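# Fold and geometry: a report
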Amino acid sequence: KYDFYIIEDDYLSELIYEESVEYIPFKWLDRSDRVIYIKSFSKIFLPGIRIGYIVTPNIFRESMQNSKFNTDIATSSLMQRALELYIKDGAWKDNISYLNVEYKKRYELMSKLIDEELGDMVTCNKPGGGLTFYLKIADEKITSRELFLRLSKKNVYITPGVLFFRNMRDGDRTFRIGFSQTDEGKIKKGLKLIREELETWHI
């Protein structure tokens with residue numbers, strides 16, 4: 001009806017921690033060849049492997065193949081072979097099970113601490129999976145870019161939401177925090193420092 005395409009970037013659908021969450025790809029619902037489906041293995045295999053695949057509408061297939069070739073000619077054969085063995089031997093199932101157990105602990109801790117530490121200072125729609133939380137600052141005077149600068153001086157790093165949107169209806173009051181590369185102690189310390197910074201903003 002509106003003549004647009006959807007880019008579906010699926011890199012974390014294997015990491016779901018809440019039973020109520022069901023992941024259904026847009027591509028599975030695609031009946032008009034309008035979804036460009038991208039799958040990455042960097043988060044569920046090795047962060048540096050940079051291997052994935054794309055399922056594209058026929059209209060884009062040739063141009064995307066040409067772009068791939070002109071960018072790097074071909075993906076490393078060694079990395080592709082390693083990924084093949086990882087999948088063929090069934091190791092990927094064991095690894096994903098392990099990741100779900102470990103990340104679920106951090107996810108639940110961060111979810112709990114967001115409620116306890118940040119309370120009514122932010123709003124958060126719990127994702128039910130993945131590796132990040134996306135928060136919105138309640139105080140309209142506070143910007144996430146300024147919050148980022150203040151927190152970075154304390155070795156706490158957030159990602160300002162303006163980086164993810166072309167247009168920000170609510171201004172620059174959103175930010176993302178992740179838990180994949182940190183332990184429980186650092187999660188507790190980081191959220192405490194975010195709370196302290198929000199509390200002392202106008203002091």
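Residues numbered from 1 in each chain as written. Predicted model: local features only at pLDDT ≥ 70, side-chain atom pairs only at ≥ 80, totals over all residues. Heavy atoms only, no water.

### Quick look at the sheet that holds strand E1 (residues 6-10)
Counted only if it meets this: Between any two strands, pairing holds if DSSP finds at least two bridges. Only DSSP runs of H or I reaching four residues or more are called helices, and only runs of E reaching two or more are called strands; each is numbered from the N terminus. The axes used here are C-alpha line fits, helices contributing only the stretch in contact, and every angle between their N-to-C directions lies in the interval 0 to 180 degrees.
Read from one edge of the open sheet, three strands run E1-E2-E3, paired in mixed fashion. Two strands bound the open sheet, and with one partner strand each, they are E1 and strand E3 (52-55). Here the strands of the sheet are splayed against their neighbours by 15 degrees on average, with no regard to which way each runs. Bridge count for strand E2 (residues 35-40) against E3 is four bridges, and the pairing is antiparallel. Paired with Ile38 across the bridge in E3 is Ile54.

### Structural notes on the confidence of the model for the protein chain
Filter applied, for reference: Per residue, pLDDT captures the predictor's confidence, and it can take any value from 0 to 100.
The predicted model of the protein chain has a mean per-residue pLDDT of 91, with 97% of residues at 70 or higher. When mean pLDDT is compared element by element in the protein chain, strand E5 (residues 132-137) scores highest at 96, while helix H3 (residues 77-88) scores lowest at 90.

### Description of the side chain of Ser40
Threshold: Only protein chains enter the calculation, and the probe is 1.4 Å; a residue is then buried if its accessible area is under 20% of its type maximum, exposed if over 50%, and partly exposed in between. Under the rule applied, a polar contact is a pair of N or O atoms within 3.5 Å (in protein, one hydrogen donor and one hydrogen acceptor; residues adjacent in sequence only if both atoms are side-chain atoms).
For Ser40, the position within the fold is in strand E2. Overall, the relative accessible area of 18% leaves Ser40 in the buried class. Among the polar contacts made by the side chain of Ser40, one reaches the side chain of Ser42 at a distance of 3.0 Å.

### What about the packing of helix H5 (residues 144-152) against helix H6 (residues 184-199)?
This is how the line gets drawn: Relative orientations are named as follows: roughly parallel for angles under 35 degrees, roughly antiparallel for angles over 145 degrees, roughly perpendicular for angles from 65 to 115 degrees, and oblique for any other angle. Whether a crossing is left-handed or right-handed is set by the direction in which the near helix is turned from the far one by less than a right angle, anticlockwise for left-handed and clockwise for right-handed. Only heavy atoms matter for contacts: two residues are in contact if any of them lie within 4.5 Å across the pair. Gly falls in the polar group here, along with every residue not listed as nonpolar (Ala, Val, Leu, Ile, Met, Phe, Trp, Tyr, Cys, Pro) or charged (Asp, Glu, Lys, Arg).
The interhelical angle for the contact between H5 and H6, taken along N-to-C directions, is 120 degrees, at an axis separation of 11 Å. For the element pair H5 / H6, the angle class is oblique. The element H5 and its partner H6 pack so that their crossing is right-handed. Taking contact as the criterion, the partners of Leu147, Arg150 and Leu151 in H5 are, on H6, Leu193, Ile194, Glu197 and Leu198. Partitioned by chemical class, the residues of the contact of H5 with H6 number five nonpolar, no polar and two charged.

### Brief notes about the packing of helix H4 (residues 91-118) against H6
Packing of H4 against H6 leaves a shortest axis separation of 10 Å and a crossing angle of 25 degrees. The angle between the axes of H4 and H6 places the two elements in the roughly parallel class. Relative to H6, the crossing made by H4 is right-handed. Note on element contacts: H6 touches H4 through Glu184, Ile187, Lys188, Leu191, Lys192, Ile194, Arg195 and Leu198, opposite Lys105, Arg106, Leu109, Met110, Leu113, Ile114, Glu117 and Leu118. Of the residues belonging to the contact of H4 with H6, the class tally is nine nonpolar, no polar and seven charged.

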